[in-house]
Amino acid sequence: MNQEYLEFVKALRPIDDIFMKVIFNDQHCIELLFNIIFEEDISITKWHIQDEYRNLHGRTVIMDIVASTENGNIIDVEMERSLKNASPLRARFHASILDSSLSYVNEKWEKLPEIYVIFICEKDVLETNRLKNHIQRYGEDGEAFEDKVHIIDMNANKEDETPLGKLMHDLRCENHEDMYDEVLKERVRYFKQKEGGKKVMCDMMEKLEKRGEKRGIKIGEMKSLIQILLKKFPGMNFEWVKECNEQQIEKIQDHILMNMSYEEFYKLVLHDK
């Protein structure tokens, strides 16, 4: 096994994106997370780890954990280290894209599930100095607006002697021996010390490294494409090109030399079905 990879894995924590993917791809670990956050026993029927969701305009988002519970609720959990990626506006986007993927033709509105979007952030994004902030809409009369959407912001930088405070501590631990929870402790130990777990991590690191090389090539191609567009449409902003999917990139390449206005070109790429 690659020793350089193994040294890197030693420093990983459950809150880190790479490690979270393997630690929480497990029903017991996900239910443990939910049970502590909601302070009740929650059973899940299915879950997805780091799946891609796309809106009608081709914008995509990778969601860390999306699980369905036995009572039909949908829970999305995001673990974030940076303030930029933990914006409240991103939580709004996650809720909306889950709604669009869960609603079906002719379905009655009351059939929409209860949705929880939970951000576990390494920093105190909302600056409340609280472990948990439950955000919900309210009317002028102070009554909750029953849209069945809940946003929960967690501050992983704060810990105390409660189960939630100990969980936040465990998510930031590099060494499994320093962790409180036995389930998480054993899961971390497996991937850092057991042969089978170390092999899984080395294989993942190798794939990420190869993907990084390919991504470097794609970024170079994207920069060249944007430069061509800037010559065709001087002074316009083409940051949106970076969010395009493969089909939209093909449209850009097929129509880049055609005689049309910027507005026509933009509509063709992003809105034409």
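Here is a short report on the structure shown in this document. The model shown is predicted, which means the values in this text are computed figures rather than measured ones.

In spatial order, the strands read β1-β2-β3-β4-β6-β5; together these 6 strands make up an open sheet with mixed pairing. Only two strands of the sheet have a single partner each, and these edge strands are β1 (44-54) and β5 (132-135). Neighbour-to-neighbour, the strand axes of this sheet turn through a mean angle of 20°, independent of strand direction. For strand β2 (residues 60-69) and strand β3 (residues 74-80), the ladder comprises 4 bridges, and the chain directions are antiparallel. By the bridge assignment, Val 66 is partnered in β3 with Asp 76. Where helix α3 (residues 27-38) meets the sheet, its contacts fall on β1, β2, β3, β4 (115-121), β5 and β6 (149-155), and the angle it forms with β1 comes to roughly 95°. Packed on one face of the sheet, helix α5 (residues 163-171) meets β3, β4, β5 and β6 and runs near 65° to β6.

Before going further, it helps to examine helix α8 (residues 246-255). Looking at α8, one finds that the buried residues are Gln 248, Ile 249, Lys 251 and Ile 252. Taken around the axis of α8, the buried residues stretch over an arc of 155°, which confines them to a single face. Projecting away from the buried face of α8 at angles above 90 degrees are the exposed residues Glu 246, Gln 247 and Asp 254.

Attention now moves to the packing of α3 against α5. One way to put it is that α3 packs onto α5 with a least axis distance of 8 Å and a crossing angle of 135°. With respect to α5, the element α3 is oriented oblique. As α3 runs across α5, the sense of the crossing is left-handed. Contacts between α3 and α5 involve Leu 33, Ile 36 and Ile 37 from the first element and Pro 163, Leu 164 and Leu 167 from the second. Classifying every residue of the contact of α3 with α5 by side-chain character gives 6 nonpolar, no polar and no charged.

Take Asp 26: it is sitting in the loop between α2 (17-23) and α3. Among buried charged residues, Asp 26 stands out as having no salt bridge; its nearest opposite-charge side chain is Arg 187, 4.0 Å away. Dropping the residues within four chain positions of it, Asp 26 is found in contact with Trp 47 and Arg 187.

On to the pairing of β6, then. Of all the 7 residues making up β6, 6 are buried; the element is thus mostly covered by neighbouring parts of the structure. Sheet analysis places β4 next to β6, joined by 7 bridges and oriented parallel. Opposite Phe 119, over in β6, you have Asp 153 as the bridge partner.

Before going further, it helps to spend a moment on the pattern of salt bridges. Counted according to the given criterion, the structure contains 15 salt bridges. In this structure, Lys 10 and Glu 7 form a salt bridge, with 3.0 Å as the shortest nitrogen-oxygen distance. Of this pair, Lys 10 and Glu 7 both sit in helix α1 (residues 3-10), 3 residues apart, which is roughly one turn of the helix. For Glu 7, a relative accessible area of 46% gives the class partly exposed. Look at the salt bridges and you will find they share partners, linking Arg 13, Asp 16, Arg 81 and Glu 122 into a network.

Conventions adopted
- Residues numbered from 1 in each chain as written.
- Predicted model: local features only at pLDDT ≥ 70, side-chain atom pairs only at ≥ 80, totals over all residues.
- Heavy atoms only, no water.
- Pairing = 2+ DSSP bridges.
- Helix = DSSP H or I, 4+ residues; strand = E, 2+ residues; numbered from the N terminus.
- Axes fitted to C-alpha atoms, helices over the stretch in contact; angles between N-to-C directions.
- Contact = heavy atoms within 4.5 Å.
- Buried < 20%, exposed > 50% of the residue type's maximum accessible area, 1.4 Å probe, protein only.
- Arc of directions from axis to C-beta.
- Parallel < 35°, antiparallel > 145°, perpendicular 65-115°, else oblique.
- Left-handed = near helix turned anticlockwise from the far one by under 90°.
- Nonpolar A, V, L, I, M, F, W, Y, C, P; charged D, E, K, R; others polar.
- Lys, Arg positive; Asp, Glu negative; His and termini not counted.
- Salt bridge = Lys/Arg side-chain N within 4 Å of Asp/Glu carboxyl O.

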